[in-house]
Amino acid sequence: MIVKAEKNFRHQISKGTEYQVLEIIIKRNSNVISYRIVDNDSIPAIYENSLFSVVSNYMENASVIFDDAQIVMSHKLITDSKLNQTHTEGFWGAFFEDDPVAMRILEEVIVGGHE
């Protein structure tokens, strides 16, 4: 899925720039929708969808997981990663601790999303 920033957000998001969506997160209690994208700082961060318009709504190899708090649509490589079972904070916790397996998975998702 590709979105285009409709406005700037600090230095992380630039109006008119397109970003690949890594995850769609829907908070059940508030229906707030957020996207995890790789921002201008090269960080896979979460931003509210109101900052963007959708350029392409196709998300390759998408998988949906949910619990009482949220619904998350993400790439199957991320949702099926063993890091979600072995790391207390799941895939993203491992990624932000510089886990090399998580970094390789994310690189594969990003490269695959641009083909």
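This text goes with the structure placed above it.
Visitor: So what's going on with the pattern of salt bridges? Residues and values would help.
Guide: Scanning all chains against the criterion turns up 2 salt bridges. The partner of E23 in a salt bridge is R36, and the shortest N-O contact between them spans 2.9 Å. In this pair, E23 sits in strand β2 (residues 18–27) while R36 sits in strand β3 (residues 33–38), placing the two residues 13 residues apart along the sequence. The two residues E23 and R36 agree in class, both being buried. For K76, the salt bridge is made with D80, and the minimal N-O distance between the two is 3.0 Å. The exposure class assigned to D80 is partly exposed, which follows from its relative accessible area of 45%.

Visitor: Could you give an account of the side chain of S81, naming the residues involved and the relevant values?
Guide: Topologically, S81 is positioned in the loop between α1 (76–79) and α2 (83–86). For S81, a relative accessible area of 5% gives the class buried. In this structure, S81 is in contact with F91 and I105, ignoring residues within four places of it in sequence.

Visitor: So what about the side chain of T79? Which residues, and what values?
Guide: Checked against the element boundaries, T79 lands in helix α1. At 3.2 Å, the side chain of T79 forms a polar contact with the side chain of S63. Not counting chain neighbours up to four residues away, the residues in contact with T79 comprise S63, I65, S74 and N84.

Visitor: I'd like a rundown of the pairing of strand β4 (residues 44–48), residues and numbers included.
Guide: Inspection of the sheet shows β3 paired to β4 by 5 bridges, in the antiparallel sense. Of the residues in β4, the one forming a bridge with V38 is P44. Hairpin connection, β3 to β4: the antiparallel pair is bridged by 5 residues, and S42 has positive phi, about 65°.

Visitor: I'd like a description of the packing of aromatic side chains, backed by residues and values.
Guide: Tallying each qualifying case throughout the model produces 6 aromatic pairs. Considering the side-chain rings of W92 and F95, the 5.8 Å spacing of their centres and the 75° angle between planes classify their relative orientation as edge-to-face. Here F95 and W92 lie together in helix α3 (residues 90–96), a separation of 3 residues that amounts to about one turn. One exposure class covers both W92 and F95, and it is buried. Measuring from centroid to centroid gives 5.2 Å for F95 and F96, while their planes differ by 85°, and the two rings are edge-to-face.

Visitor: I'd like a rundown of the nonpolar core, residues and numbers included.
Guide: Core analysis: the largest hydrophobic core is formed by 14 residues, its most contacted members being V3, V21, Y35, I37 and F52. Breaking this core down by element, the ones donating at least two residues are β1 (2–5), β2, β3 and β4. When sequence neighbours within four positions are dropped, the list of residues in contact with F52 reads V3, K4, A5, E6, I13, Y19, Y35, I37 and Y47. Counting residues in each nonpolar core, the second largest holds 11 residues, with L22, L83, F95 and I105 among its members.

Visitor: Let's hear about the environment of E18: which residues, and what values?
Guide: In this structure, E18 sits in strand β2. We classify E18 as partly exposed; its relative accessible area is 47%. Not counting chain neighbours up to four residues away, the residues in contact with E18 comprise I2, V3, K4 and V55.

The rules behind each value
Residues numbered from 1 in each chain as written. Predicted model: local features only at pLDDT ≥ 70, side-chain atom pairs only at ≥ 80, totals over all residues. Heavy atoms only, no water. Salt bridge = Lys/Arg side-chain N within 4 Å of Asp/Glu carboxyl O. Helix = DSSP H or I, 4+ residues; strand = E, 2+ residues; numbered from the N terminus. Buried < 20%, exposed > 50% of the residue type's maximum accessible area, 1.4 Å probe, protein only. Contact = heavy atoms within 4.5 Å. Polar contact = N/O pair within 3.5 Å; in protein donor to acceptor, adjacent residues only side chain to side chain. Pairing = 2+ DSSP bridges. Phe/Tyr/Trp six-rings, centres within 6.5 Å; stacked < 30°, edge-to-face > 60°. Core = buried A, V, L, I, M, F, W, Y, C linked by side-chain atoms within 4.5 Å.

The values reported here are purely geometric and, on their own, carry no functional implication.
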